[in-house]
Amino acid sequence: MSSPINHHHHHRPAGHSHRPINGQIPSPPCPHLADFRARNGSKPFRALQGCLRVKPPGGRAAIRRDPSEVPRCGACGEATRPRLYACMACAAVSCHAPPGPSHAAAHAEAMSPGHEIAVDVDRAELFCCVCRDQVYDRDFDAAVVLAQTAASTLPTSTSSSGSSRAVVAPENLRKRRRVDYRPWSPDPRERAIMGSCSSPLESVSTSDLPRGLRGLNNLGNTCFMNSVLQALLHTPPLRNYFLSDKHNRYFCQKKNGVSGNVGKRNVDGAFDGGHGNKNGSFCLACDMDAMFSAVFSGERMPYSPAKFLYSWWQHAANLASYEQQDAHEFFISMLDGIHEKVDKDQRRPQSQGSGDCCIAHRVFSGILRSDVMCMACGFTSTTYDPCLDISLDLEQNQRGSAKATSAKSHHSCNGEAECMNSSQNSGIPTLMGCLDRFTRPERLGSDQKLFCQQCQVSQESLKQMSIRKLPLVSCFHIKRFEHSSIRKMSRKIDRYLHFPFSLDMAPYLSSSILRRRFGNRIFPFDGDEPDASNEFSSEFELFAVVTHAGKLDAGHYVTYLRLSNQWYKCDDAWITQVNENIVRAAQGYMMFYVQKMLYYRASDKMGAS
C-alpha cells in the first residue's frame, strides 16, 4: 500500500507516453485507470456530464447530483473531511483524509474490480483509491473544460437606469499577502569596500529635499513630458542603471562617429550629448544619461530638458510641436526611441519580454497571455505579447457618481485599509477592480466569431487576458480620454479611482488564473506555463503617480513622487512636500509600481556608522 504522503505530489497520467515535462520524467500511467477505461467503452465519463456544476464565470467545477446537495461519507457520515470522493462505478461517496483511515480505499478493496477510480466531488478531479493518488485523463479534463465554457457567460444585474453591468465580488473577500522587510545595513567587509572604493558626495545645498529631487522647466506646454520624466528619473532600476554609468554617452557618441561638441560639458556639469554635430545624430539614452547626471548633481535650480525634447522630436516628428501632448503617448514613444536606438546599435534582434533587451524593456517590459477558447469544442488558442504598460478601463460606478465622495472619504482616512473599506462602501472604482475586469473572462458575441482550428469554422469564443511575466516596474495607464468616431467627439472621464500604495499582482498572473479556473488538472497547461513569479516578486510598491487636472484640451500634468516614504509634488519647476492623503485624493492617470524587493522605505535607514 503506497504512502499517503504522495497524495498531493505525484499525479499519474493515463495512457500517455513518458515524455519529459519541464525536464522531469512523469510517473508511469495508472493501471487501474486504464482498466476502468477498458471496462467502460469509448466514453467512460458520460454519466458525469449531468452532475458537473460550475460557478460562473469560468469557476472551478464540482460534482453534485443536485446543486443543493451536501455530500457525506457513506462510512462515517462526515461532510467536512479534506477530500470526499464519489465512486465512478456506483456513486458511493467516501472520504480520504491522510494520515487517517481512507474509507475510499476501503470501499475499493471491499467491492468487486472496477470500483478503483473515484472523482473528487469538490474539485472534479480523478483519484485512484488503490494508488491513493490523483490521476489524469485528457477525455475527462476535456469534458470538465466544456462544462466550464457553458457556464462562462458573465452574470449581469440591471441597474435602476435599465443598463446591465457585471456583478463584481467584494474585493475584501480576497486576502492579499503582505511581506515585511527588514532594513539593510552593511557588514564590516562591505563598509571596508565602500570606504576604499568610494568617497561621500559633498552636499551643495542646505535643502532638506532628497538628492535627485529637482524641478524641470516648462518649455511651452511640456508638462506632459516633465511629469513622465520625473517618474522615470526616480524609477529605481532605471536610476541605478544610468548612475552606474551603464550607458556612457561619451563612448556612445564616439562609437557612432559623432563629431563636433562631443564631451563638452554644459552649465550643469553634465555632458552636452553632441546635438550640435554635423551628422545630426540623436540618442535618447544619451540625453537621459545627461539628465540623470544633472538632476543628481546636487544642484537645486530647475533643469531645462531642452536637448531631450529636441531628440524626442527627431524620433517622433509627428509630435514635434509646442502643443500639449498625451503623457502616456509620450511615455510609450520615448521608451520605443531608446529601444530602437540600442537595438540598431547592437545589430541583432531582441525579444522584448525575455529581458535580453535594452534598459527600457528590461525595466518596463512584461508578457501578457491571451487565451481564446472555442465555446463549441473547448479548443484553446494561446498567444503571448510583450507590453510596456497595462491600459485599464475605469470601473462603472456602482452607486452613482463617486466624485463628491472621494474628497470626503480620502482626505480623512487614516491608512490604506481604512481607505480601501471607504472605497468599497461608497462604490468608488479601485485599481484592483480594474485589474479584475482586465483579467475576467469575456464572452465574444456572435458578431465577433473567431475561426476555430479544431472545428474549422468560425465559432463564438471566450477570451481571457492574464499576465504571464511581471516587469520590474509596472506602469498602469487609466483610460481617462474617450474618443468616439460615431459621435465625432472626445471627452475626459473625471471619475475618481482609488489606488493602493502596496499591490499584490499574484491574483492576476496566468498561473494563478488558470489554476483557479481549472484546478490541478494538466489539460490546459500542457507543462508550458511555469510560475512567472513568486511570493516576493509579485509584491509591488507605488513610487510615482502622474495626474491630469482640467479638461481634455486644456489640462495640466503633475507628478507625485514617493521618496524615503515621503510624498513630493512635482509641478514643473516647483517641488513641494505633501501629505499622503493629497496623493490618495489625486486623479491618477498613470501609476508606477516597483517590485517590493527593489523599493527602499523611509524606515529602512542605514545603520549608524
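Since this is a predicted model, take the numbers as computed values, not measurements.

A.B. asks: Hey, could you run me through the confidence of the model for the protein in this one?
C.D. replies: Detailed reading of the predicted coordinates is not advisable wherever pLDDT falls low. The predicted model of the protein has a mean per-residue pLDDT of 75, with 68% of residues at 70 or higher. Long-range and interchain partners of residues 260-280, a stretch whose pLDDT sits below 50, account for 44 contacts in this model, where long-range means more than four residues apart.

A.B. asks: Would you mind showing me how to read the pairing of strand β23 (residues 555-563) here?
C.D. replies: Side-chain positions along a regular strand alternate between the two faces of the sheet. By the criterion of burial, β23 is predominantly enclosed, with seven of the nine residues buried. Examined bridge by bridge, strand β22 (residues 539-550) and β23 share seven bridges and lie antiparallel to one another. Looking across to β23, one finds that Gly 550 is bridged to Gly 555. Hairpin connection of β22 to β23: four residues between the antiparallel strands. Note that β23 and strand β24 (residues 566-571) share five bridges and pair antiparallel. Within β24, the position partnered with Tyr 560 by the bridge is Lys 569. As consecutive antiparallel partners, β23 and β24 are separated by two residues, and within that stretch Ser 564 has a phi angle of approximately 50°, a positive value.

A.B. asks: Is there a simple way to explain the environment of Asp 139 in this structure?
C.D. replies: Note on placement: Asp 139 falls in helix α3 (residues 138-150). For Asp 139, a relative accessible area of 42% gives the class partly exposed. The spacing of Asp 139 and Ser 42 is 97 residues in sequence and 9.7 Å in space, taken between C-alpha atoms.

A.B. asks: Is there a simple way to think about the sheet that holds strand β12 (residues 380-387) in this case?
C.D. replies: Strands in a sheet are paired, the pairing made by backbone hydrogen bonds, and the direction either parallel or antiparallel. Strand order across the open sheet formed by four strands is β12-β11-β17-β14, with antiparallel pairing between neighbours. With one partner strand each, in any of the chains shown, β12 and β14 (442-444) form the two edges of the open sheet. Between one strand axis and the next, the sheet turns by 30° as a mean value, whatever way the strands run. Note: strand β11 (residues 366-374) against β12, eight bridges, orientation antiparallel. Bridge pairing in β12 places Val 372 opposite Ser 381.

A.B. asks: Is there a simple way to think about a nonpolar patch on the surface in this case?
C.D. replies: A cluster of nonpolar residues, Leu 472, Met 597 and Leu 598, forms a patch on the protein surface that exposes about 250 Å² of accessible area. A relative accessible area of 54% places Met 597 in the exposed class.

A.B. asks: Could you clarify how one ought to interpret the pattern of salt bridges in this entry?
C.D. replies: Charged atoms that come close allow side chains of opposite charge to pair. Taken as a whole, this structure holds 11 salt bridges when the rule is applied. We note a salt bridge from Asp 393 to Lys 479, for which the minimum N-O separation is 3.7 Å. With Asp 393 in the loop between β13 (390-392) and α12 (403-412) and Lys 479 in the loop between β18 (473-478) and β19 (481-484), this residue pair connects regions lying 86 residues apart in the sequence. On the accessibility criterion, Asp 393 (44% relative accessible area) is partly exposed. Overlapping salt bridges, with partners in common, bring together Glu 541, Arg 562 and Lys 596 in one network.

A.B. asks: I tried to follow the nonpolar core on my own but got confused; where do I start?
C.D. replies: Where a protein is soluble and globular, its nonpolar side chains tend to be buried together. One finds Met 288, Phe 364 and Phe 592 to be the most contacted residues of the largest nonpolar core, which totals 59 residues. Among the nonpolar cores identified, the runner-up in size contains 33 residues, and Ile 467, Leu 470, Phe 476 and Tyr 560 belong to it.

A.B. asks: Before we go on, may I ask you to explain the environment of Ser 244 in this structure?
C.D. replies: Relative to the helices and strands, Ser 244 resides in the loop between α6 (236-243) and α7 (249-255). The class of Ser 244 is partly exposed, set by a relative accessible area of 44%. Among the polar contacts made by the side chain of Ser 244, one reaches the main-chain carbonyl oxygen of Asn 240 at a distance of 2.6 Å.

A.B. asks: Help me understand the side chain of His 477, please; the structure alone is not making it clear to me.
C.D. replies: Mapped onto the elements, His 477 comes out in strand β18. At 2.9 Å, the side chain of His 477 and the side chain of Ser 391 are in polar contact. When sequence neighbours within four positions are dropped, the list of residues in contact with His 477 reads His 328, Asp 389, Ile 390, Ser 391, Leu 392, Tyr 589 and Met 590.

A.B. asks: Sorry, what's going on with the packing of helix α5 (residues 223-233) against helix α8 (residues 284-295) here?
C.D. replies: In a pair of packed helices, the angle between the axes and the distance between the axes together describe the arrangement. Contact geometry for α5 and α8: axes closest at 11 Å, N-to-C directions at 75°. In this view, α5 runs roughly perpendicular relative to α8, as classed from their interaxial angle. Only Met 288, Met 291, Phe 292 and Val 295 of α8 make contact with α5, whose side of the interface consists of Leu 229, Leu 232 and Leu 233. The residue inventory of the contact of α5 with α8, partitioned by class, reads seven nonpolar, no polar and no charged.

Reading the values: the criteria
- Residues numbered from 1 in each chain as written.
- Predicted model: local features only at pLDDT ≥ 70, side-chain atom pairs only at ≥ 80, totals over all residues.
- Heavy atoms only, no water.
- pLDDT = per-residue confidence, 0-100.
- Contact = heavy atoms within 4.5 Å.
- Buried < 20%, exposed > 50% of the residue type's maximum accessible area, 1.4 Å probe, protein only.
- Helix = DSSP H or I, 4+ residues; strand = E, 2+ residues; numbered from the N terminus.
- Pairing = 2+ DSSP bridges.
- Axes fitted to C-alpha atoms, helices over the stretch in contact; angles between N-to-C directions.
- Patch = residues over 30% accessible without salt bridge, like charges linked within 9 Å, V, L, I, M, F, W, Y side chains within 5 Å.
- Areas by Shrake-Rupley, 256 points an atom, 1.4 Å probe, with all protein chains shown as cover.
- Salt bridge = Lys/Arg side-chain N within 4 Å of Asp/Glu carboxyl O.
- Core = buried A, V, L, I, M, F, W, Y, C linked by side-chain atoms within 4.5 Å.
- Polar contact = N/O pair within 3.5 Å; in protein donor to acceptor, adjacent residues only side chain to side chain.
- Parallel < 35°, antiparallel > 145°, perpendicular 65-115°, else oblique.
- Nonpolar A, V, L, I, M, F, W, Y, C, P; charged D, E, K, R; others polar.

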